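# Working through the structure, step by step
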Amino acid sequence: MDALLNRIVEKRPSTVRLQGRILFLTEDPELIKKQLAGEDLPWDTRNPQNNPKLRDDISTDEITPAHICFFFDETLGEFPYTGLKAGNEVPIQRGDVKRGGFVAAVSGKRRGKGSSREQSPYAELCAGIKLVIAENIERIYKQNCQNLGVLTSTDFSLIEKIRGGEEIPLSLFTAGEDEITRQIIEYGGLFQFNVARMQGKVSLPAIRTAGEGARATRPMTIAEKIFARHMISADDKAGVPTVKPGDAGFARTDLRFSHEYVTPMAAIFFDQLVGKDTPVNDPSSIVFFRDHLTFLDEVLSEQKRKMGLLDLATQLKLKQGEFAQRKGIRLHGELRDRKGSEGICHSVVLESYALPGQLVVGSDSHTQHSGAIGCVAFGIGTTDVFNSWITKDVRVRVPESVRVAVRGKKHPNVTAKDFILKILSLDYVRSGKALAKVIEYAGEAIEELSVDERATMTNMAAEIGGFTGIVAPDGKAVEFLIQRRGMKREEAEQMIQGLSSNPDAQYAHVIELDASEITPMIATPGDPGNGKFIRDMNTPVPVELAYGGTCTAGKNEDMDMYARVLADALQQGKRVADSVQFYIQFGSQETRDYCVRKGYLDIFAKAGAHVIEPSCGACINAGPGVSTRNDQVVISAQNRNFPGRSGPGQMYLASPLTVAASAIAGYIVEYEPSSELVSA
């Protein structure tokens, strides 16, 4: 690390002048095409009601579709917004943005939702985009922008300043940010800031309870308690007495993991900026996974093959494997005796690594999965990953918490997936008010859920836009640790001590739901927030593809659900409908072994379901179960149905019970425990 101590790092100038055009990402594809052709769109910042409607909910899947992320260098600059849907069109093609001379991109609400892929802001940066303006911006995407040096703002008055060629004070982009984020922006990125930090050029704010002494206490949520244990104090040790929302600093990690989509890009950054021969900090607490692209060759189109994408995907695997071997890092890779992987990163981390009270970071927005066991787990971008290999810590601004209490007793055909789809449909969530907050699940109905089912809730806090999701560990968490980890009861019970929110802890908002009022849900195509009760659908919706799997729905208890529905069907003399292809994909080899022990593979085969070895697969358009036509209807138990996420078709999200029941019926139905399939 000596080279870093001698590296010259300087702050940006105190003003910036953004010279170039502004790209308005509107709902009207014709307006986008006009801008790409060289016409500047008029924009009235004083009377916004006169302007064309901007696209809301632009996901990172639309900024850089999954197959574009096979690139991991400046070539990404050819591709920003090539998955963006405007009306019924995808108006932006390869090279359009770069050729257009755009310096800023403007959109509406919830910019950058979804995946934590840093390829998205990196593609924008390489295409010339230096500023992103939106009504509100998702946490991971915004942090990735800051880490790379891309400016972000919710101030639409900047449009006139850019067009007027004005010098814009850098302070406009740091206003309202915590001390560390301000300095990261001033230094032009996280790596430059961390070098300055190592050189002692930057100041880290002390974390203390306002108005009280160092030994002061305050009532804290479970997440705040875990942050307090891990925040680095002035003497560079982990642990401070208390934290409160807004406290900023660096937190010592217990586990850092990444997968083949992110590791290669992070490895290139590390080799180029730190040194190929420099060791990573504590390789024993780093884990790599080859889980995303194992089945890519089965679904990649001929056109994409001609682009060389299959070769690029192979390079991702090879680069990760080489770096892992060189740095002495554990890699959960592909199977040697058959096609597939050891497991999806989130599934394996929950089953084998994460522990109550830990702080876990991963290169994926669904890292929150492990919150089911009572740890603070959250997704980070490529630059955060590579910097954590140097410092073993990550920057954190302690978030506010939202408490979601699901009271009462649920119906037998309702699952955690139905709960989360209901939560996602609420105005509070859809309007972006839950962005970057901890989602703490509680209430009798949550307490009744197994750890597997709780993982569905914490996993899909990512779709809420939350910082993380968490459930306080209890007796069910203890049993999970005993049964799945072989831990002694005394050790497990000791581990969860104190891991609950204080009764008088403060929350930004409290959501109360009655489980008895929730019936099986469906999220209609386009967004996980498009939730409605199946019984409220006016006409039956025929399906061609049914998919059960991914980290969200490939766990042991999910397999129990698929098997339960299919066994019921077999008893009635029914199988998967002739018009439907039903895929069931394990989240891990541990879950596959569980299915073997339970005799589920025989049930799946007899019912006509296709079983697939572990991989992220269809969820990222990289395995069996993806749609191939615009009019193809899919029902899936995965976590996202953004445009183009899993092919061009129309994807409905539902619970494992609903997916399996619909595969039997041939159209979307509720599952009835009485073994009757009731039409929507």
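The structure reproduced in this document is the subject of the present report. (Residues numbered from 1 in each chain as written. Predicted model: local features only at pLDDT ≥ 70, side-chain atom pairs only at ≥ 80, totals over all residues. Heavy atoms only, no water.)

Take the environment of Gly432 next. Following the sequence through the fold, Gly432 ends up in the loop between α18 (427–430) and β15 (438–442). By relative accessible area, Gly432 is classed as buried at 11%. Between the C-alpha atom of Gly432 and that of Lys109, which follows or precedes it by 323 residues, the distance is 7.7 Å. (Helix = DSSP H or I, 4+ residues; strand = E, 2+ residues; numbered from the N terminus. Buried < 20%, exposed > 50% of the residue type's maximum accessible area, 1.4 Å probe, protein only.)

Interhelical geometry of helix α25 (residues 556–571) versus helix α27 (residues 600–607) gives an angle of 50° and a closest axis separation of 9 Å. Classified by the angle between their axes, α25 and α27 sit oblique to one another. Crossing of α25 over α27 shows left-handed handedness. Along the contact surface, α25 presents Met559, Asp560, Tyr562, Ala563, Leu566, Ala567 and Leu570, while α27 presents Tyr600, Ile603, Phe604, Lys606 and Ala607. Of the residues belonging to the contact of α25 with α27, the class tally is 10 nonpolar, no polar and two charged. (Axes fitted to C-alpha atoms, helices over the stretch in contact; angles between N-to-C directions. Parallel < 35°, antiparallel > 145°, perpendicular 65-115°, else oblique. Left-handed = near helix turned anticlockwise from the far one by under 90°. Contact = heavy atoms within 4.5 Å. Nonpolar A, V, L, I, M, F, W, Y, C, P; charged D, E, K, R; others polar.)

Relative to the helices and strands, Gln320 resides in helix α14 (residues 309–327). Using a relative accessible area of 1% as the deciding quantity, one classes Gln320 as buried. Engagement of the side chain of Gln320 in a polar contact is seen with the backbone oxygen of Phe289, the distance being 3.0 Å. (Polar contact = N/O pair within 3.5 Å; in protein donor to acceptor, adjacent residues only side chain to side chain.)

Before going further, it helps to spend a moment on the nonpolar core. Counting 80 residues, the largest nonpolar core has Phe70, Phe227, Val243, Leu293, Phe378, Phe386 and Trp389 as the members making the most contacts within it. Setting aside its immediate chain neighbours within four residues, Leu293 contacts Phe70, Glu260, Tyr261, Ala313, Leu316, Ile620 and Ala622. (Core = buried A, V, L, I, M, F, W, Y, C linked by side-chain atoms within 4.5 Å.)

Our focus in this paragraph is the packing of helix α15 (residues 345–352) against helix α22 (residues 475–485). Here α15 crosses α22 at 100°, and the two axes come no closer than 9 Å. Classified by the angle between their axes, α15 and α22 sit roughly perpendicular to one another. Two secondary-structure elements touch here, α15 through Val349, Leu350, Glu351 and Ser352 and α22 through Phe480, Arg484 and Arg485.

As a further point, take the packing of aromatic side chains. Going through the model one piece at a time under the given rule, you end up with 18 aromatic pairs. Between Phe193 and Phe250, the ring centres sit 6.0 Å apart and the planes meet at 5°, which makes this aromatic pair stacked. Placement of Phe193 in helix α10 (residues 190–198) and of Phe250 in strand β7 (residues 248–252) is noted, with a sequence separation of 57 residues between them. Like Phe250, Phe193 is buried. Relative to Phe582, the ring of Tyr562 has its centre 6.3 Å away and its plane inclined at 75°; by these criteria the two rings are edge-to-face. With Tyr562 in helix α25 and Phe582 in strand β21 (residues 581–585), this pair connects stretches of sequence that are 20 residues apart. Assigned by exposure class, Tyr562 and Phe582 land together as buried. Arg197 extends its terminal NZ or CZ atom over the ring of Phe250, reaching a point 3.7 Å from the ring centre. (Phe/Tyr/Trp six-rings, centres within 6.5 Å; stacked < 30°, edge-to-face > 60°. Lys NZ or Arg CZ within 6 Å of the ring centre and 35° of its normal.)

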